[in-house]
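Residues per chain, in single letters:
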There are 2 protein chains.
Amino acid sequence: MSVLVVGSTALDSIKTPKAENPFLLGGSASHAAVAASFFSPVQLVGIVGGDFPKRYLQLYKKHGIDLAGLQIAAGKTFHWSGEYEVNMNNRRTLATELGVFADFKPELPKAWRKTPWLLLANIAPALQHHVLDQMERPKFVIADTMDLWLNVALKDLLSLLKRIDALVLNDSEARQLVGEDNIVAAAPKIHKLGPKYVIIKKGEHGAILSGPDGLFLAPAFPLKKVVDPTGAGDSFVGGLIGYLAGAKGSPGKNLRRALIYGSVTASFCCEGFGLNATTKTSRAKIEARVKTLEKMVDFR
Amino acid sequence: MSVLVVGSTALDSIKTPKAENPFLLGGSASHAAVAASFFSPVQLVGIVGGDFPKRYLQLYKKHGIDLAGLQIAAGKTFHWSGEYEVNMNNRRTLATELGVFADFKPELPKAWRKTPWLLLANIAPALQHHVLDQMERPKFVIADTMDLWLNVALKDLLSLLKRIDALVLNDSEARQLVGEDNIVAAAPKIHKLGPKYVIIKKGEHGAILSGPDGLFLAPAFPLKKVVDPTGAGDSFVGGLIGYLAGAKGSPGKNLRRALIYGSVTASFCCEGFGLNATTKTSRAKIEARVKTLEKMVDFR
């Protein structure tokens, strides 16, 4: 079944201690859509400017991503530039130029309103609401968010939480959202705000799923070298919902494996700048890493 | 089979944002010995002063710990005092008074020289060497260490690494030891220094085992409340070697489960000050948490 992904579509200029890469394809929706495309057909809702390179449109198409919901507006594409420190853990934003993204109003092609799987990738909660308003009873809705929205759009975010099935956020955001330093204690408090499933990302330390079947501890795939972690969280949630949409059975039954597939897809993302490594992987390579991970956690 | 544990036996005064607890039973050997005692008979080698409370000797005995190797010397027991910050992750040493520990020379009762399982808990590498020198072909030797010895006794530590089967250290120590920021890349470099098995502790994020069967990712048992993490690493390695000594089959075959038992034993340690919670647990309670952890990592 298809997954509708809405979020940011951007150009990222990324500096690390070892390299500088200007105008890579980036944005939460780009990473999530490509990640999901290994498992399911994907519909992309976003906005880019007239300067958006044709090769990036082709890249989406190469992954079978339906672009009927991608607006191409007069003006510049959203441009983010950032710099990583030596350990690749700390990131510093150098510039954020919103361009056409400043006036983005996501409009869904009519045929997409019945798409069963909806990923509200990281974007302002008001826009996530606006997309949900246009949908007709989606089967499963996952929303991602970031600290910025907790700081500047908390009210919108809190009302969104009552409309979604699963919330994805990182550990520091989970702590901030409910004012609880321990993330194991934070999870039940987040459930009380709405979502049946809470997925807390811990970067290289994996992720925790909290839901009706208790906790699930998902490891990250161990990497000897991280080239660029930008978009890893978006790839994680994209792979996750893509796997759910492609699997048989209920989301509740498949969610644990979905986190593993998300985690593995994110590991490929970290091995190249922007989407360079993600676009070079395949379902077969993902399956191989999932098998490796199964062995790495087995203690029977 | 029996486990011989050598390390520090101390009194810990621990301040947290919520409480102050003076003169708790502490030290690497105390935590490790009690943790190991849930699985195997334990022999303790250490030193305390004349001021060492009788109730702590009784506590060791309650856990069946053989004290024939515990020296009681004229003078003061090693006293450490420290303070935890709000998030319980950062620790600050307030005072270290070595007392009788300054002249500690571990001497093994003759009958203990053939003990098959040896844990060189955190203590100066020269003392770890001295204990190894007295042993007659132990079956399996695990050494723990800390950043202090990397800074002040690196040469002794490096020669020790050629004499042990498994090294246990935390993630920042692993990075420091081989000058490699990525711990997945650090593990093979540590193997080259000697140990067949390398166990890297990541605190609340679990531990990684590297050995001939590849990597094993051991989760930490998720806790809603951490009262005092002092001694958690010592409890981890104590539970680990205790489980190995009590299990049938080769260490290589049992090591993964041993990490899980170590991890679970350490989780109890974190739930009380000093050894308060560890001493209240039982093999049955440990088994119950191991079962829970099995469910929490299952994604088949």
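Above this note sits the structure.
Our subject in this report is the structure included herewith. (Residues numbered from 1 in each chain as written. Chains lettered and ligands numbered in written order. Predicted model: local features only at pLDDT ≥ 70, side-chain atom pairs only at ≥ 80, totals over all residues. Heavy atoms only, no water.)

**Here we look at the overall build of chain A**
Rules: Here a strand is any run of E in DSSP of at least two residues, a helix any run of H or I of at least four, and the numbering for each starts at the N terminus. Only C-alpha atoms enter the radius of gyration; for comparison, a globular chain is expected to reach 2.2 Å times N to the power 0.38, where N is the number of residues. Burial classes: relative accessible area under 20% of the type maximum marks a residue as buried, over 50% as exposed, and values in between as partly exposed (1.4 Å probe, protein chains only). Residue contacts are counted whenever heavy atoms from the two residues lie within 4.5 Å of one another.
In terms of helices and strands, chain A carries 10 helices and 13 strands. Against the globule reference of 19 Å for 300 residues, chain A gives a C-alpha radius of gyration of 18 Å, in line with a compact fold. Considering only C-alpha atoms, chain A reaches an extent of 55 × 45 × 35 Å along its principal axes. The buried share of chain A, reckoned over its 300 residues, is 62%. Pairs at least 24 residues apart make up 64% of the contacts formed inside chain A by residues separated by at least 6 positions.

**Remarks on the pattern of salt bridges**
Residues and elements named next belong to chain B. Keep this limit in mind: Only one rule defines a salt bridge in this text: a Lys or Arg side-chain nitrogen within 4 Å of an Asp or Glu carboxyl oxygen.
In this structure the tally under the stated criterion is 18 salt bridges over all chains. A salt bridge links R92 to E83, with the shortest nitrogen-to-oxygen separation between them at 2.8 Å. Judged by its relative accessible area of 22%, E83 falls in the partly exposed class. R289 is the partner of E271 in a salt bridge, and the nearest nitrogen-oxygen pair spans 2.9 Å. Of this pair, E271 sits in the loop between α9 (251-269) and α10 (283-297) while R289 sits in helix α10, and the two are 18 residues apart along the sequence. Using a relative accessible area of 14% as the deciding quantity, one classes R289 as buried.

**Considering the side chain of A:K201**
All names here are of chain A. Within the secondary structure layout, K201 lies in strand β11 (residues 197-201). For K201, a relative accessible area of 14% corresponds to the buried category. Apart from residues no more than four positions distant in its own chain, K201 is found in contact with D144, V168, L169, N170, D171, G206, A207, G233 and F236.

**Overview of the sheet that holds strand β10 (residues 166-170) of chain A**
All names here are of chain A. The line we're drawing: Strand pairing follows a simple DSSP-based rule, namely that at least 2 bridges must link the two strands. Lines fitted to C-alpha atoms define the axes here, with helix axes fitted over just the stretch in contact, and angles between the N-to-C directions of these axes take values from 0 to 180 degrees.
Spatially, the 9 strands line up as an open sheet ordered β5-β4-β1-β8-β9-β10-β11-β12-β13, and their pairing is mixed. Strands at the two margins of the open sheet, each flanked by one partner only, are β5 (65-73) and β13 (214-218). Geometrically, the sheet is characterised by an average inter-axis angle of 15 degrees between neighbouring strands, direction not taken into account. Pairing between β10 and β11: 5 bridges, direction parallel. If you follow A166 over to β11, its bridge partner there is Y197. Relative to the sheet, helix α3 (residues 125-134) contacts β1 (3-6), β8 (117-120) and β9 (140-144), its axis offset from that of β8 by approximately 165 degrees.

**A closer look at the sheet that holds strand β7 (residues 91-97) of chain A**
Within a sheet, neighbouring strands are paired by backbone hydrogen bonds and run either parallel or antiparallel to one another. Residue and element names in this part refer to chain A. Spatially, 4 strands are ordered β3-β2-β6-β7 in an open sheet, and the strand pairing comes out mixed. With partners counted over all chains shown, the strands left at the sheet margins are β3 (20-26) and β7, one partner each. Recorded for the sheet is a direction-independent mean angle of 20 degrees between the axes of neighbouring strands. Bridge count between strand β2 (residues 10-15) and β3: 5 bridges; the pairing is antiparallel. Bridge pairing in β3 links D12 to L24. Helix α2 (residues 54-62) contacts β2 and β3 of the sheet and is inclined by roughly 50 degrees relative to β3.

**Focus on the interface of chain B and chain A**
The condition is simple: What gets called buried area is simply the loss in accessible area from a 1.4 Å probe that two parts show on being joined, summed for both. Polar contacts here mean pairs of N or O atoms no more than 3.5 Å apart (in protein, one a potential hydrogen donor and the other a potential acceptor; neighbouring residues in sequence count only if both atoms are side-chain atoms). Any residue outside Ala, Val, Leu, Ile, Met, Phe, Trp, Tyr, Cys, Pro, Asp, Glu, Lys and Arg is labelled polar, Gly included; the first ten of those are nonpolar and the last four are charged.
Facing 29 residues of chain B, the contacting portion of chain A comprises 29 residues. Regarding the contact of chain B and chain A, the summed buried area is about 2700 Å², with carbon and sulfur atoms giving 62% of it. Here chain B is connected to chain A by 0 salt bridges. Applying the counting rule to chain B against chain A returns 14 residue pairs in polar contact (both at pLDDT 80 or more). Contributing elements (two or more residues each) for the side of chain B that touches chain A: α7 (183-191), β13 (214-218), α9 and α10 of chain B. When residues of the side of chain B that touches chain A are assigned to their parent elements, the largest contribution, 5 residues, is made by α10(B). For the side of chain B that touches chain A, the residue count by class is 16 nonpolar, 3 polar and 10 charged.

**A short note on the packing of aromatic side chains**
Given two aromatic rings, their pairing is described by the distance between the two centres and the angle made by the two planes. Residue and element names in this part refer to chain A. Under the convention used in this document: Planes of paired rings set the category: under 30 degrees apart is stacked, over 60 is edge-to-face and the rest tilted, where pairs are Phe, Tyr or Trp rings (Trp by its six-membered ring) whose centres lie within 6.5 Å. Whether a charge lies above a ring is judged from NZ of Lys or CZ of Arg, which has to be within 6 Å of the ring centre and within 35 degrees of the ring normal.
If you walk through the whole model with that rule in mind, you get 20 aromatic pairs over all chains. Through a chain of ring-to-ring contacts, the aromatic side chains of F39, Y243 and Y261 assemble into a single cluster. For R55, the ring lying beneath its charged end belongs to Y56, and the centroid distance is 4.6 Å.

**Observations concerning the packing of helix α1 (residues 28-36) of chain A against helix α8 (residues 232-246) of chain A**
Residues and elements named next belong to chain A. Put simply, the test is: For classification purposes, angles smaller than 35 degrees are called roughly parallel, those larger than 145 roughly antiparallel, those between 65 and 115 roughly perpendicular, and all remaining angles oblique. Here is the rule for handedness: rotate from the far helix to the near one, and if that takes an anticlockwise turn smaller than a right angle the crossing is left-handed, while a clockwise turn gives right-handed.
The N-to-C vectors of α1 and α8 enclose an angle of 40 degrees; their axes lie 7 Å apart at closest approach. Between α1 and α8, the interaxial angle falls into the category oblique. In this structure, the crossing between α1 and α8 has a hand that is right-handed. Counting all contacts with α1, which are made through S28, H31, A32, A35 and A36, the residues of α8 involved are D234, S235, G238, G239 and G242. Residue classes in the contact of α1 with α8 are distributed as 3 nonpolar, 6 polar and 1 charged.

**Structural notes on the relation of the copies chain B and chain A**
Convention followed: Superposition of the copies used a least-squares fit over C-alpha atoms from residues whose pLDDT is at least 70 in both.
Overlaying chain B with chain A gives an RMSD of 0.0 Å, the required rotation being 180 degrees about an axis along which the chain moves by 0.0 Å. Within this description, the copies of the chain are treated as partners about a two-fold rotation axis. Taking C-alpha positions as reference, the residue of chain B nearest the rotation axis is B:H205, located at 3.1 Å. Taken as a fraction of all interface residues of chain B, those also at the interface in chain A reach 100%, which identifies the copy contact as same-surface.

**Considering the environment of B:T9**
Residues and elements named next belong to chain B. One can find T9 in the loop between β1 (3-6) and β2 (10-15). Expressed as a C-alpha distance, the spacing of T9 and A29, which sit 20 residues apart in the sequence, is 5.8 Å. With near-sequence residues (within four places) excluded, T9 lies in contact with G26, G27, A29, S30, L44, G46, I47, V48, Y60, L70, T77 and F78.

**A few points about the environment of A:E287**
Residues and elements named next belong to chain A. Relative to the helices and strands, E287 resides in helix α10 (residues 283-297). Looking at E287, the relative accessible area reads 24%, which means it is partly exposed. A C-alpha to C-alpha distance of 9.8 Å links E287 and T265, two positions 22 residues apart in sequence.

**Topic: the packing of helix α6 (residues 171-178) of chain B against α7(B)**
Residues and elements named next belong to chain B. At a minimum axis distance of 9 Å, the contact between α6 and α7 shows a crossing angle of 55 degrees. The orientation of α6 relative to α7 falls into the category oblique. Between α6 and α7 lies a crossing whose hand is left-handed. Side by side, α6 and α7 meet where D171, A174, R175, L177 and V178 of the first sit next to I183, A186, K189 and I190 of the second. Class assignment of the residues belonging to the contact of α6 with α7 gives a composition of 6 nonpolar, no polar and 3 charged.

Everything listed here is a matter of coordinates, which is why it stays silent on function.
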